[in-house]
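Examination of the molecular architecture
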Amino acid sequence: MEKFGFHKVTGGSSGSPTISHNRPHQPPPPTRQFRKELKVANCPQTAMTSCALGNRVAVLPLDFPEIPNDTPILMDGQFVYSIYKDESTVPGSIGLAGHMRLWGRWSLDQVVRVGSFNIFQNNQHAAYLGAAEISVDFKSRSKAHDRPIKHDQLVARFLATYENQVLQPSQPIVMDFEGNVLQLVVTGVQVIDLDQLLADVHMETRFDAKGILIQQTKAFFAPREGSVINITGSARHRPRANPIINPDFKLETMGIGGLEQEFSQIFRRAFASRIISPDLVEKLALRHVKGLLLYGPPGTGKTLIARQIGKMLNVKEPKVVNGPEMLSKYVGASEENIRNLFKDAEQEYKQKGENSQLHIIIFDELDSVFKQRGLAKSDGTGVGDNVVNQLLAKMDGVDQLNNILIIGMTNRLDLIDNALLRPGRFEIQIEISLPDEKGRRDILAIHTAKMRENNLLAPDVDLEELASLTKNFTGAELEGLCNSATSFAINKHTKTGSVAQVDTNIEKMQLTRNDFLNALNEVRPAFGVNEEDLAKNAPHGIIPFSLHIGAIFDKGRAFIDEVKSSETERLISILFHGAPGSGKTAIALTLALQSEFPFIKMLSAESLVGMLEPMKIATIDSTFRDVYKSPLNILVIDKIETLINYVPIGPRFSNDILQTLMVSLTKQPPNGRRLLIIGTTSQYSVLKHMNLVDCFTNTIAVNQVTQTDELMKIMEKIGFMSDTARHQIVQQLEESASSDEPPLRLGVKKLLQVLMNARYLKADVPMVVENIIEAHMA
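In this text, all values refer to a predicted model and were calculated from it rather than measured experimentally.

**Observations concerning the pairing of strand β4 (residues 56–59)**
Judged by which residues are buried, β4 turns out to be covered on both faces: Arg56 and Ala58 on one side and Val57 and Val59 on the other are all buried. By the bridge criterion, four bridges tie β4 to strand β6 (residues 79–85) in an arrangement that is parallel. Bridged to Ala58 within β6 is Tyr84.

**Looking at the state of the cysteines**
Taken as a whole, this structure holds zero disulfides when the rule is applied. Considering cysteine sulfurs only, Cys51 is the nearest to Cys43, which forms no disulfide, with 4.0 Å between them. Look at Cys43 and you get buried, because its relative accessible area is 7%. In this structure Cys51 comes out as buried when scored by relative accessible area, which is 1%.

**Structural notes on the side chain of His577**
Among the secondary structure elements, His577 is positioned in strand β22 (residues 571–577). Those residues in contact with His577 that lie beyond four places of it in its chain are Lys584, Thr681, Tyr684, Thr699, Ile700, Ala701 and Val702.

**Details of the side chain of Thr681**
Looking at the secondary structure, you find Thr681 in strand β25 (residues 674–681). Among the polar contacts made by the side chain of Thr681, one reaches the side chain of Glu641 at a distance of 2.6 Å.

**A word on the sheet that holds strand β21 (residues 428–431)**
Ordered in space as β18-β19-β20-β17-β21, the five strands form an open sheet in which the pairing is parallel. Each edge of the open sheet carries a strand with a single partner, namely β18 (319–322) and β21. When the angles between neighbouring strand axes are averaged without regard to direction, this sheet yields 15°. Judged from the five bridges that link them, strand β17 (residues 291–295) and strand β20 (residues 404–410) form a sheet pairing that is parallel.

**Structural notes on the packing of helix α9 (residues 437–447) against helix α12 (residues 475–491)**
One way to put it is that α9 packs onto α12 with a least axis distance of 10 Å and a crossing angle of 45°. Comparing their axes, α12 and α9 come out oblique. Crossing geometry of α9 relative to α12 is assigned as right-handed. Between α9, through Arg440, Ile443, Leu444 and His447, and α12, the contact on the second element is made entirely by Gly475, Leu478, Glu479, Leu481 and Cys482. Taken together, the residues of the contact of α9 with α12 break down into five nonpolar, two polar and two charged.

**Quick word on helix α23 (residues 748–761)**
With 14 residues, α23 ought to run about 20 Å at 1.5 Å a step, and its terminal C-alpha atoms sit 20 Å apart, in line with that. Regarding α23, the residues found buried are Val748, Leu751, Leu752, Val754, Leu755, Met756 and Ala758. Its buried side turned inward, α23 meets α21 (708–718) and α24 (765–777). One or two positions beyond α23, positive phi appears at Lys762, with a value near 55°.

**Structural notes on the pattern of salt bridges**
Enumeration over the complete set of coordinates arrives at 14 salt bridges. Of the charged contacts, one joins Glu465 and Arg513 as a salt bridge, the two residues approaching to 2.6 Å between their closest N and O atoms. A residue pair is termed long-range when its members are at least 10 positions apart, and Glu465 in helix α11 (residues 463–469) and Arg513 in helix α13 (residues 513–520) qualify at 48 residues. The residue Asp626 makes a salt bridge to Lys601 at a minimum N-O spacing of 4.0 Å. Of this pair, Asp626 sits in helix α17 (residues 613–626) while Lys601 sits in strand β23 (residues 599–603), and the two are 25 residues apart along the sequence. Among the residues examined, Asp626 registers a relative accessible area of 12% and is labelled buried.

**With respect to the sheet that holds strand β26 (residues 698–701)**
Read across the open sheet, the five strands follow the order β23-β24-β25-β22-β26; overall the sheet is parallel. Strand pairing shows two members of the sheet lacking a second neighbour, β23 and β26, which therefore form its edges. Looking at each pair of strands side by side, their axes are set apart by 20° on average, direction ignored. Of the strand pairs in this sheet, strand β24 (residues 632–637) and β25 are connected by six bridges, and their pairing is parallel. In the strand pairing of β25, Ile637 is matched with Gly679. Against the sheet, helix α15 (residues 547–565) makes contact with β22, β24, β25 and β26, and its axis sits at roughly 150° relative to β25, the strand it touches most.

**Describing the environment of Gln510**
Inspection of the secondary structure assignment puts Gln510 in the loop between α12 and α13. Classification of Gln510 as partly exposed rests on a relative accessible area of 26%. C-alpha separation for the pair Gln510 and Thr486, spaced 24 residues apart in sequence, amounts to 8.8 Å. In this view, Gln510 contacts Asn455, Leu456, Leu457, Ala458, Pro459, Ala489, Lys492 and Asp515; residues no more than four positions away in its chain are not counted. Separated by 3.1 Å, the side chain of Gln510 and the backbone oxygen of Asn455 make a polar contact.

**Regarding a nonpolar patch on the surface**
A surface patch of nonpolar side chains, amounting to about 250 Å² of accessible area, comprises Leu280, Leu284 and Leu286. Position of Leu280 among the secondary structure elements: in helix α5 (residues 278–284).

**Things to note about the nonpolar core**
Within the largest apolar cluster, 51 residues are counted, with the highest numbers of intra-cluster contacts made by Phe576, Leu676, Ile714, Ile729, Leu755 and Ile772. At seven residues, α23 tops the list of elements feeding residues into this core. Once residues lying within four places of it in the same chain are set aside, the contact partners of Ile729 are Leu711, Met715, Phe720, Met721, Val765, Val768, Val769 and Ile772. In this structure, Ile637, Ile640, Tyr646 and Leu665 belong to the second largest nonpolar core, which totals 31 residues.

**Focus: the environment of Asp364**
Its place among the elements puts Asp364 in strand β19 (residues 359–364). Residues Asp364 and Gly408 lie 44 residues apart in sequence; the distance between their C-alpha atoms is 6.0 Å. When sequence neighbours within four positions are dropped, the list of residues in contact with Asp364 reads Thr303, Val321, Asn322, Gly323 and Met409. Side-chain polar atoms of Asp364 contact the side chain of Thr303, separated by 3.4 Å.

Rules behind the numbers
- Residues numbered from 1 in each chain as written.
- Predicted model: local features only at pLDDT ≥ 70, side-chain atom pairs only at ≥ 80, totals over all residues.
- Heavy atoms only, no water.
- Buried < 20%, exposed > 50% of the residue type's maximum accessible area, 1.4 Å probe, protein only.
- Helix = DSSP H or I, 4+ residues; strand = E, 2+ residues; numbered from the N terminus.
- Pairing = 2+ DSSP bridges.
- Disulfide = S-S within 2.5 Å.
- Contact = heavy atoms within 4.5 Å.
- Polar contact = N/O pair within 3.5 Å; in protein donor to acceptor, adjacent residues only side chain to side chain.
- Axes fitted to C-alpha atoms, helices over the stretch in contact; angles between N-to-C directions.
- Parallel < 35°, antiparallel > 145°, perpendicular 65-115°, else oblique.
- Left-handed = near helix turned anticlockwise from the far one by under 90°.
- Nonpolar A, V, L, I, M, F, W, Y, C, P; charged D, E, K, R; others polar.
- Expected span 1.5 Å × (residues − 1).
- Salt bridge = Lys/Arg side-chain N within 4 Å of Asp/Glu carboxyl O.
- Patch = residues over 30% accessible without salt bridge, like charges linked within 9 Å, V, L, I, M, F, W, Y side chains within 5 Å.
- Areas by Shrake-Rupley, 256 points an atom, 1.4 Å probe, with all protein chains shown as cover.
- Core = buried A, V, L, I, M, F, W, Y, C linked by side-chain atoms within 4.5 Å.

Spelled out as structure tokens, the structure:
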């Protein structure tokens, strides 16, 4: 406790020892709250020693008459500096040294917001620095030397020069030490409350972890990586490496939205071992992660994430390569290309060992090169196998490197060689799936931020509404939607009769809600099915002409709820069977729409027309992979008998397609995803003989229209003829029917076609009855 200024004394009225302390002098708080806007200027020559070397900013006394020297101020809401009043400062400006401007990313004449700062506000007592970690190097390389510098003298100079200043991680400081100008960077701080015994407070690297430097602060200096500075007699403390993650990065400013959970998982698994001290790494026997694999559908942001990771890390510029670029027609050249990627990391690791800086290599389209070995020898050279072997050796071979992180991206995780996916190689595999509604809203906010900032977005544009209308959109497709909406807005200002000239009012253009709605008709998602396309299969909606229809929907909704909430049943499949035209497809698609599942996909023979059998199998397999892109998914397989090429004569069906369907229907969804499959067939007995029916969880029969009261409800629903005419149609059908057969037996779809045809023919009652009987007999 004595190191924090506490002193143990004995005596007192009770006779028991008491604790007292000498609280360090704290910086004078401002007399009142203030906010100013000042222009950035160079530090005045007359104040160079007090400002540039004293870690202060220069201000004109007339601009701050109400507060004394050394009062801390807050710049742009983030950076804390103490002021130094100098008469030579330009009025309305604030003098900053070059390293200060670099830290805050300010340019000369830029306006900065300056406000009062009180570290003790809101009764906050944890405001002092118990310890600080600082990296040090010579300011000028030409004046660098390796003569010993005593750690204790360095600490003493630092505390004497900057006592009572507020410091924070990543802050650069230029300090004069025995005629040498040193460049310091605060890499970590320990913020304490002097009224409490805080012996085990951990070091903070957060940008907003601020504290007052006091004489009791334990300062630990370590040479910056690559520096020749020779610090002797160091304290018994091993500082952490420079913070690997920039403390002030934000996903929004990087153009990434809806991926907070994925980024959190990446940081936790890939960088956790690299942000703690080397001592703790040794105690925990941690092994740094070397490979991170991002997989998912195209356009979801895998490449964007990989490229932006380099911007948020304090590491060397990542090497970005496309998979096919590694391949060469010359023998051994492909393997050499792989080795060259690791050459810089190997050389640095031999020189510096664990102090080596992290090297990042980004592989795009990983599946195009590193396929399963033994399957890519069509050219007879075996190059594909060789490059896989070379990468395996570099990532986790005999000569292991601990200073690399390889980030791979792929749309087809199943194609990559299994040896690359084990721990020690690409052990972290994170799926970047389709964004949910909140994610789509965040992505739209990013792509429209500039529009809103420049008043180019009309008030009627509701991002929440657009997010709900863009189900199954990837991030790339949402960007395309914004571009399409912009084109509609620009088109409104195109001069009449010309497509190449715009009117003078285009500077006042605004993107409206209608522009985005028009764009929605133009930009369609590659995954899933547009809800409008699904609704077209039931133009008259669902007509509850019998209690049987209501029972079907009750069962269907029960299965939907089960898939949503069951802890065990993550895959449920239903087969609707019945005569052609009985409404199976309409019921299946209506249930899918009513489920409000985020991802709905439809597989039908229409999408396979013209394909050879291998291509059909590949398409079916790809469709089943697509329906795992969301937490909740529905797949509608329409007319299954047509998918397997069933015909009543000749070659009856395709056994290969049948086996593909049977395996896919029973395969459990990965990663906790949930899937409801709804199939339809008009050949139930055929599927039964093929054992395909056994692959479904449940089967539900869809009956035809057989009773005249059911016909009456259908005619009333669509407003067919008058009430009198409808009763006459029913009466004549009943009179024409025999006693042992129902008056009619028609699928509701066929019946609706007959009635709509009669309406446009303007048929009378006898003709309508005749048409119904003909359809019944067909």
